[in-house]
Amino acid sequence: MRGDALRGELAIPGDKSVSHRAIMLAALADGVSRIDGFLEGADTRATAAIFGQLGVRIETPEPGVRIVHGVGIDGLHAPAGPLDCGNAGTAMRLLAGLLAGQRFDSVLVGDASLSGRPMRRVTEPLAAMGARIDADDGHAPLRIHGAQPLHAIEHAPAVASAQVKSALLLAGLYARGETVVREAQATRDYTERMLQAFGYPLACREGEARLQGGHRLRATDVAVPADFSSASFFLVAASLVPDSDLCLRRIGIHPRRTGLLRVLRAMGADIESIDAQGEGGELVADLRVRHAPLRGIEVAVTHVADMIDEFPVLCAAAACAQGTTTIRGAAELRVKESDRIATMVAGLRALGVTVEELPDGAVIHGGRLHGGSIESRGDHRIAMAFAVAAQAADGEVRIGDVANVATSFPGFDALARQAGFGLRNA
Ligand code: S3P
């Protein structure tokens, strides 16, 4: 349902990608690391719980903080049972690489959505490194055989994926020789920069990372920035609702994450980046967003990897913009937490929007949104994108299957209401 103008200052929860990696590297380091700004989402808590099963002591002195007692690069213990990644693709793919290098066997499982997502993109290059991973037709559960000697490879992933790159680099820690990952389209480099922060020697430049196995990690403290992907729902909502003026505090604005910022600005959005500076190794800024009329555009394919998680909310923006928005080159959206092209197209149509579905995107004709019922298919970002669209709709929007919002954005509904969203639990 429609809300008021969105105003005030908001604190957005910590970055999901950085939180996963902070737990993993702190667990493998020598010494004790403190993580501040840790995302208390179901995905990242699943990663922390898995390291508990692998023998790592992790304390939670207060929400958003973890003290990780690192066990050293060879210090993990065999788990007593399967390791449950829940809905988290990042957990499963990165752990596949990390666990392939251990002395013990392990099994990675996930929920129905994760069990339907493609895992060959990691299991095949890992097999080329000497790993033995049994998967059911390329899907979870992944049964990882320990005690396999790994050797380095050079790999150029067929799809732009930070998860694939990271899985290989984590396996590379345990491999003989130099692991090289070359990307045609550069993706987020959190794994590379965090390995360096933990004292691991690594050479990287845009689109290429290389590391030798056999070094150790040194404990360090990590300050997790606020998650740009979570902030993006508020950037779009405040752009759409008249009289809005919202400030989102200390958001991570890594250029490989902020393609949506560039696209929204090209659509006419009024978003100011204030006091941008490096904090804890990450570029962060306050983002001030004020209402502005949006116009449709053709989204350049070069932006796709830089905004891979932001297409659902971009579709919401496009549906309310003046004119037509064309999205192409984003076939990867079909294998996210849901088929995000099909799910968004179906949802927008249910709200009266004219949309053409493409194999790798959509053509969205902006205009008025009506009320209706949406199926989010258990996909957190779809549910939040339609909560945003609802703020510009002229009737009530009912969104089904919203429990998974807590995977990446616990407390979204309370924060959204605080900002002025019209939102209630049915
Ligand atoms: C992530 C990479 C992206 C993104 C996901 C988090 C990461 O996935 O969609 O939410 O933390 O490395 P891909 O690498 O599969 O594109």
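Since this is a predicted model, take the numbers as computed values, not measurements. (Residues numbered from 1 in each chain as written. Predicted model: local features only at pLDDT ≥ 70, side-chain atom pairs only at ≥ 80, totals over all residues. Heavy atoms only, no water.)

Caption draft 1: Quick peek at the overall build of the protein chain. A count of helices and strands for the protein chain gives 14 helices and 24 strands. Taken over the C-alpha trace, the protein chain has a radius of gyration of 21 Å; the compact-globule value for 426 residues is 22 Å, and the two agree within 12%. Taking the principal axes of the C-alpha coordinates as reference, the protein chain spans close to 60 × 40 × 40 Å. Per-residue burial over the protein chain gives 58% buried out of 426 residues. Within the protein chain, contacts between residues at least 6 apart in sequence are counted, and of these 73% link residues at least 24 apart. Here the protein chain has roughly 15,300 Å² of accessible surface; of this, 49% comes from carbon and sulfur atoms. For the protein chain, the distance from the average site of its 44 positive side-chain charges to the average site of its 50 negative ones is 1 Å. (Helix = DSSP H or I, 4+ residues; strand = E, 2+ residues; numbered from the N terminus. Rg over C-alpha atoms; globule rule 2.2 N^0.38 Å. Buried < 20%, exposed > 50% of the residue type's maximum accessible area, 1.4 Å probe, protein only. Contact = heavy atoms within 4.5 Å. Areas by Shrake-Rupley, 256 points an atom, 1.4 Å probe, with all protein chains shown as cover. Lys, Arg positive; Asp, Glu negative; His and termini not counted. Charge placed at Lys NZ, Arg CZ, Asp CG, Glu CD.)

Caption draft 2: Summary view of the UniProt feature "binding site: 3-phosphoshikimate" (unreviewed entry) in the protein chain. As recorded in UniProt, the feature "binding site: 3-phosphoshikimate" (unreviewed entry) lies at Lys 16, Ser 17, Arg 21, Ser 161, Gln 163, Asp 309 and Lys 336. By relative accessible area, Ser 161 is classed as buried at 8%. Sequence-distant contacts of Ser 161, that is, excluding residues within four places in its chain, are made with Glu 183 and Thr 187. In this structure the side chain of Ser 161 is engaged in a polar contact, spanning 3.0 Å, whose partner is the backbone nitrogen of Val 164. Assignment of secondary structure puts Lys 336 in the loop between strand 20 (324–327) and helix 11 (340–350). You can call Lys 336 buried: its relative accessible area is 13%. If near-sequence neighbours (up to four positions away) are discounted, Lys 336 is found in contact with Arg 117, Ile 308 and Asp 309. (UniProt positions renumbered as here; feature names shortened; annotations may be inferred. Polar contact = N/O pair within 3.5 Å; in protein donor to acceptor, adjacent residues only side chain to side chain.)

Caption draft 3: Structural detail: the packing of aromatic side chains. Scanning all chains against the criterion turns up 6 aromatic pairs. Relative to Phe 412, the ring of Phe 233 lies with its centre 6.2 Å away and its plane at 70°, an arrangement referred to as edge-to-face. Remark: Phe 412 occurs in helix 14 (residues 412–419) and Phe 233 occurs in helix 8 (residues 228–240); sequence separation between them is 179 residues. Residue class for Phe 233 comes out buried when judged on its relative accessible area of 1%. A relative accessible area of 4% means that Phe 412 is categorised as buried. (Phe/Tyr/Trp six-rings, centres within 6.5 Å; stacked < 30°, edge-to-face > 60°.)

Caption draft 4: Fine view of the nonpolar core. Ranked by internal contacts, the top residues of the largest apolar core, which has 76 residues, are Phe 234, Leu 248, Ile 364, Phe 412 and Phe 421. Setting aside chain neighbours within four positions, we find Phe 421 in contact with Gly 3, Leu 6, Phe 234, Ala 237, Ala 387, Val 388, Gln 391, Phe 412 and Ala 416. In this structure, Met 24, Leu 99, Leu 142 and Val 224 belong to the second largest nonpolar core, which totals 65 residues. (Core = buried A, V, L, I, M, F, W, Y, C linked by side-chain atoms within 4.5 Å.)

Caption draft 5: Spatial organisation of the site of the ligand. Close to the ligand lie 13 residues, the nearest being Ser 17, Arg 21, Ser 161, Asp 309 and Lys 336. One of the side-chain nitrogen or oxygen atoms of Lys 16 is found 3.2 Å away from an oxygen atom of the ligand. When the ligand is considered free in solution it has 390 Å² of accessible area, and contact with the protein chains removes 96% of it. Within the residue set of the shell around the ligand, elements represented by two or more residues are helix 1 (16–28), helix 3 (89–100) and helix 6 (162–172). The greatest single-element share of the shell around the ligand, amounting to 3 residues, is contributed by helix 1. Split by residue class, the shell around the ligand holds 3 nonpolar, 4 polar and 6 charged. Mapped onto the domain boundaries, the shell around the ligand takes at least three residues apiece from domain 1 (7–14 + 225–419) and domain 2 (16–223). (Near = heavy atom within 4 Å. Nonpolar A, V, L, I, M, F, W, Y, C, P; charged D, E, K, R; others polar. Domains from an automatic or database assignment.)

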